[in-house]
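# Results of the structural survey
If you want the building blocks of each chain, they are given just below.
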2 protein chains.
Amino acid sequence: MKAYQEMSKEELVQEVESLKAQYKKYQDMDLHLDMSRGKPCREQLDLSMDMMDALNSEADLSCEDGTDCRNYGVLTGIDEAKVLIGDMMENNPDNIIIFGNSSLNVMYDTIARAMTHGIMGNLPWCKLDQVKFLCPVPGYDRHFSITEYFGIEMIPVAMTPEGPDMDFIEKAVAEDDAIKGIWCVPKYSNPQGYSYSDETVARFARLKPKARDFRIFWDNAYGIHHLYDDKQDYLIEILAECKKSGNPDLVYKFASTSKITFPGSGIAALATSPNNLEDIMNQMKNQTIGHDKVNQLRHVRFFGDIHGMVEHMKKHADIIRPKFEAVEEIFDAELSGLEIADWTKPNGGYFISFDGLDGTAKAIVDKAKKAGVVLTDAGSTWPYHKDPKDSNIRIAPTYPTLEDLKVAAKLFTLCVKLVSAKKLLADM
Amino acid sequence: MKAYQEMSKEELVQEVESLKAQYKKYQDMDLHLDMSRGKPCREQLDLSMDMMDALNSEADLSCEDGTDCRNYGVLTGIDEAKVLIGDMMENNPDNIIIFGNSSLNVMYDTIARAMTHGIMGNLPWCKLDQVKFLCPVPGYDRHFSITEYFGIEMIPVAMTPEGPDMDFIEKAVAEDDAIKGIWCVPKYSNPQGYSYSDETVARFARLKPKARDFRIFWDNAYGIHHLYDDKQDYLIEILAECKKSGNPDLVYKFASTSKITFPGSGIAALATSPNNLEDIMNQMKNQTIGHDKVNQLRHVRFFGDIHGMVEHMKKHADIIRPKFEAVEEIFDAELSGLEIADWTKPNGGYFISFDGLDGTAKAIVDKAKKAGVVLTDAGSTWPYHKDPKDSNIRIAPTYPTLEDLKVAAKLFTLCVKLVSAKKLLADM
């Protein structure tokens, strides 16, 4: 098909009329579809139902070291959970704390603690005039909500397929000691599905921040969330790389089993240096007696070891891979050659990042909503919900059924075309 | 037996020699007993093993409203859990948020939030020169640890069998707007097992604090934790009383199932006014997507309703009542009439509060430890671990077996006598 930009006014008018007619048909279908959040679908959740039998009334709820998981105690998590999650995160179990059900909560608490008590003896952030965070964009809205809530100024950093703009980051952290952190989703990034290159990870590890309490918030949310057996992204392990670079305390690395077993009923973890661990434990001991050890044990008994987890993730991939492929096929078929859109084709994770013409994202999301398809709000991939180009939309293909997803993706492309054609027409 | 204070020097010397010989025998027994923390014993934990079957791989993990508990969402907890915990807390389900596994964590977060963001539009506490909390003493060490961690000045308030000294509290909060809160364990208090009288609760509800962001931290940890069927303490419900008194936002009320099902794997909750709920939810939505709904559902399916929970608590009582009675019998037999000690005889909860002669608590705890019986550290029932009289010791009878407990209690009384006799001798 001819690129929209090359169409004459008449051609565009005709195209808009045709698209409107198609759009009307979708409206008549009374759709109620949701592509807004990175939620696993029912079939994915069903994969973990056997976990509900991993512990029953006949089970011995003791750890290998004899600890009764039913009682109080064990602040940082049971040993066997640290081994399992350590293998998942590619970190030594000694570097790991196991938390409750939400890694987002761990990130929030990490910042809350920095606000009130500071990091490793440095001044609490709430005592400073200004605290800033670097935010690779587009990025994860819930990260940005945390920093916004704490009044931390967010500075957007451009993303590339190799990771964030490291030239900018190196300069910024070296010059400005108000910059205390950066949000990273290093593998199968949210929303692009990009994975940081070896060079990017190495440059992160070698950062020379002016602020001694600068930390990289390394949200390894999709560490083993591959879509393909034969196309998988690999990253250098950041903690090891930091240690090697003489920057052992530079990183907090987060992960959870939320998109492995049950979101909301999984286990979350943090991997970091001994100094950071000590700093955190000095706070944690005042916050709780310990997290849910029975659920930790349940996960360990269900998976056995990392191999069980890897096999489990292949089943997830088998369910969601066709969904990603369906979206990509429909985008290709409907949008290729029109020169009105780009989108990513990730090897893992939960999202596709879509970029339309400048100034169209909000209108596309609105249009889709009016025909019954809910997308992530336009703008939400940017700090303060402000996408300066109004072009980025996060596509979350996992939750709807494949059938529904195809309808939703088709409608989405229709909205993209309609909004884009009208915009080009208006700009003429 | 003759009161120690009435003994002659010779009699005391003889008594000390006799006690030393008895103590030596205990030392030879190589004991390893723990009366330090309020932990349920194995038999109590066994009561909840059937909860592990409440959900299995065949179960429908949907709420009554159709929500799939396995997936993300439902920030404030599932409806049926709010009903169950509402009945447990004697509050309307609409006034309740269900959290994760630890009410201590909820209290910590409540204070952390007040520090960084303030309560209902008031200035964040971290912006103030001084923040103070009232602390009824003796009290719960983990409460005091939280306020100490946040640099909040703690002011001790005397406890009576009817609750804290309300004359002092009314005056203090009316005069000093730096006083932002008070720690209360209103029912079967930690460590005395006292329950606040109707008058005390009513006076709390009628407080006229100078600080608009003053809150009562009402830790209802032992709301249904009775020891007896026929001797149970009842309290006026504080939220209702506050509302009636025109002080609807004055109270945060906390509870959990930690000492009902499994400590560390239970569910915690907060009950408070709609204004406070809104304030909290505005923060929580940045902290987490939701707590563990599967575990909430597990609790609901296990208990069915509050009647199931009440029956369950009777089984707990049957296990721990003989332990409280054994301690009381041994204390009576060994210490009555010596005029060197007082102790409480609670109708519920997890503790007995013991008071020895001034200046003996630390020595008694040390003496017991050297013979293999671990007690809660002397001083830990006071803010900053400073018991000005060095007289109070918290006794936690639930965790050891009845047999071990009897040995430990006997040894404890021996240490009390030995330390007291030596002290009286030294003072002569």
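Small disclaimer: the values here were computed from a predicted structure and weren't measured.

Before going further, it helps to examine empty space enclosed by the protein. As enumerated under the stated definition, the model contains eleven cavities of 30 Å³ or more in all. Within this model, the largest cavity holds a volume of roughly 400 Å³. For the largest cavity, the lining is made up of 27 residues, of which Gly-100, Asn-101 and His-291 of chain A together with Gly-100 and Asn-101 of chain B are closest to its centre. If you list the elements that add at least two residues to the lining of the largest cavity, you get helix H4 (103–117) of chain A together with helix H4 (103–117) of chain B. Residues of the lining of the largest cavity, tallied by class, amount to six nonpolar, 17 polar and four charged.

Further remarks concern the nonpolar core. In terms of nonpolar packing, the biggest core is built from 72 residues, with Ile-111 of chain A together with Ile-111 of chain B touching the most fellow members. In this structure, Ile-111 of chain A is in contact with Trp-125, Phe-133, Ile-146, Thr-147, Phe-150, Ile-152, Trp-183 and Phe-217 of chain A, ignoring residues within four places of it in sequence.

Moving on, we get to the relation of the copies chain B and chain A. At an RMSD of 0.0 Å, chain B and chain A line up after a rotation of 180 degrees and a shift of 0.0 Å along the axis. Such a combination of turn and shift is consistent with a two-fold rotation axis. The residues that chain B uses at the interface reappear at the interface of chain A in 100% of cases, marking a shared surface.

Now for the pairing of strand S6 (residues 179–184) of chain B. Residues and elements named next belong to chain B. Counting buried residues along S6, six of its six residues qualify, which places the element largely inside the surrounding structure. In this sheet, S6 lies alongside strand S3 (residues 132–137) in parallel orientation, the contact comprising three bridges. Pairing of Leu-134 across the sheet is with Ile-182, part of S6. Two strands pair when backbone bridges link them, and S6 and strand S7 (residues 215–219) are joined in this way by four bridges, in the parallel orientation. Note that in S7 the partner of Ile-182 across the bridge is Ile-216. Where the polypeptide runs from S6 across helix H7 (residues 198–205) and back to S7, its parallel neighbour, the crossover connection is right-handed.

Counted as a void, the largest pocket has a volume near 470 Å³. Together, 26 residues line the largest pocket, and Tyr-72 and Ile-289 of chain A together with Tyr-140, Arg-142 and Lys-259 of chain B are the ones closest to its centre. If you tally residues by element for the lining of the largest pocket, the top one is H4 of chain B, at three residues. Grouping the amino acids of the lining of the largest pocket by side-chain chemistry returns eight nonpolar, twelve polar and six charged.

Our focus in this paragraph is the interface of chain B and chain A. Across the boundary between the two partners, chain B contributes 59 residues, which contact 59 residues of chain A. Between chain B and chain A lies a buried interface of about 4900 Å² when both sides are counted; carbon and sulfur atoms form 51% of it. In terms of surface lost to chain A, no three residues of chain B exceed Arg-70, Tyr-72 and Tyr-149 of chain B, which account for 16% of the buried area on that side. The interface formed by chain B and chain A contains two salt bridges. The closest approach of N and O atoms between Asp-46 of chain B and Arg-70 of chain A, which form a salt bridge, is 2.7 Å. Summed over the shared surface of chain B and chain A, the result is 20 residue pairs in polar contact (both at pLDDT 80 or more).

Attention now moves to the sheet that holds strand S10 (residues 341–343) of chain B. Residue and element names in this part refer to chain B. Here three strands make up an open sheet; going across it, the order is S10-S11-S13 and the pairing antiparallel. The open sheet has two edge strands with one neighbour each: S10 and strand S13 (392–395). Ignoring which end each strand starts from, the neighbouring axes of this sheet average 20 degrees apart. By the bridge criterion, four bridges tie strand S11 (residues 352–356) to S13 in an arrangement that is antiparallel. Across the sheet, Asp-355 pairs through a bridge with Asn-392, a residue of S13. Across the face of the sheet, helix H11 (residues 306–335) comes into contact with S10, S11 and S13 while running at roughly 15 degrees to S11.

With that out of the way, let us pick up the environment of Leu-61 of chain B. Topologically, Leu-61 of chain B is positioned in the loop between helix H2 (42–46) and helix H3 (79–89). Each C-alpha atom, one on Leu-61 of chain B and one on Leu-297 of chain B, is 7.5 Å from the other, the two residues being 236 residues apart in sequence. If we ignore the near neighbours within four places in the chain, the residues touching Leu-61 of chain B are Met-49, Met-52 and Phe-262 of chain A together with Leu-55, Thr-67, Asp-68, Cys-69, Arg-70 and Leu-297 of chain B.

This part is about the environment of Gly-38 of chain B. By secondary structure assignment, the location of Gly-38 of chain B is in the loop between strand S1 (33–35) and H2. Given the relative accessible area of 8%, Gly-38 of chain B is considered buried. In the structure, Gly-38 of chain B is positioned 290 residues away from Glu-328 of chain B in sequence and 17 Å away in space, judged by C-alpha atoms. Ignoring sequence-local partners within four residues, the contact set of Gly-38 of chain B consists of Tyr-72 of chain A together with Lys-259, Tyr-350, Phe-351, Arg-394, Ala-396 and Thr-398 of chain B.

With that settled, consider the sheet that holds strand S9 (residues 268–271) of chain A. Residues and elements named next belong to chain A. The strand order across the open sheet built from eight strands is S2-S9-S8-S7-S6-S3-S4-S5, with neighbouring strands paired in mixed fashion. Every interior strand has two partners, whereas the edge strands, strand S2 (96–98) and strand S5 (163–164), have only one. Here strand S3 (residues 132–137) runs beside strand S4 (residues 153–160); their pairing, made up of six bridges, is parallel. Each bridged residue has a counterpart across the sheet, and for Phe-133 the counterpart in S4 is Met-154.

All names here are of chain B. Across the interface, helix H12 (residues 361–370) lies against helix H13 (residues 402–427) with an axial gap of 9 Å and an inter-helix angle of 130 degrees. One finds that H12 runs oblique with respect to H13. In terms of crossing hand, the pair formed by H12 and H13 is right-handed. Of the residues in H13, those in contact with Ala-363, Ile-364, Lys-367 and Ala-368 of H12 are Leu-411, Phe-412, Cys-415, Val-416, Leu-418, Val-419 and Lys-422. Its residues assigned to classes, the contact of H12 with H13 comprises nine nonpolar, no polar and two charged.

Criteria and thresholds
Residues numbered from 1 in each chain as written. Chains lettered and ligands numbered in written order. Predicted model: local features only at pLDDT ≥ 70, side-chain atom pairs only at ≥ 80, totals over all residues. Heavy atoms only, no water. 1 Å grid on protein atoms, 1.4 Å probe; cavity = no way out; pocket = protein on both sides within 12 Å on 5 of 7 lines; lining within 4 Å. Points joined across faces, edges and corners; volume = space filled by probe spheres on them. Helix = DSSP H or I, 4+ residues; strand = E, 2+ residues; numbered from the N terminus. Nonpolar A, V, L, I, M, F, W, Y, C, P; charged D, E, K, R; others polar. Core = buried A, V, L, I, M, F, W, Y, C linked by side-chain atoms within 4.5 Å. Buried < 20%, exposed > 50% of the residue type's maximum accessible area, 1.4 Å probe, protein only. Contact = heavy atoms within 4.5 Å. Least-squares fit on C-alpha atoms with pLDDT ≥ 70 in both. Pairing = 2+ DSSP bridges. Right-handed = clockwise from strand over helix to strand, strands pointing away. Buried area = accessible area lost by both parts, 1.4 Å probe. Salt bridge = Lys/Arg side-chain N within 4 Å of Asp/Glu carboxyl O. Polar contact = N/O pair within 3.5 Å; in protein donor to acceptor, adjacent residues only side chain to side chain. Axes fitted to C-alpha atoms, helices over the stretch in contact; angles between N-to-C directions. Parallel < 35°, antiparallel > 145°, perpendicular 65-115°, else oblique. Left-handed = near helix turned anticlockwise from the far one by under 90°.

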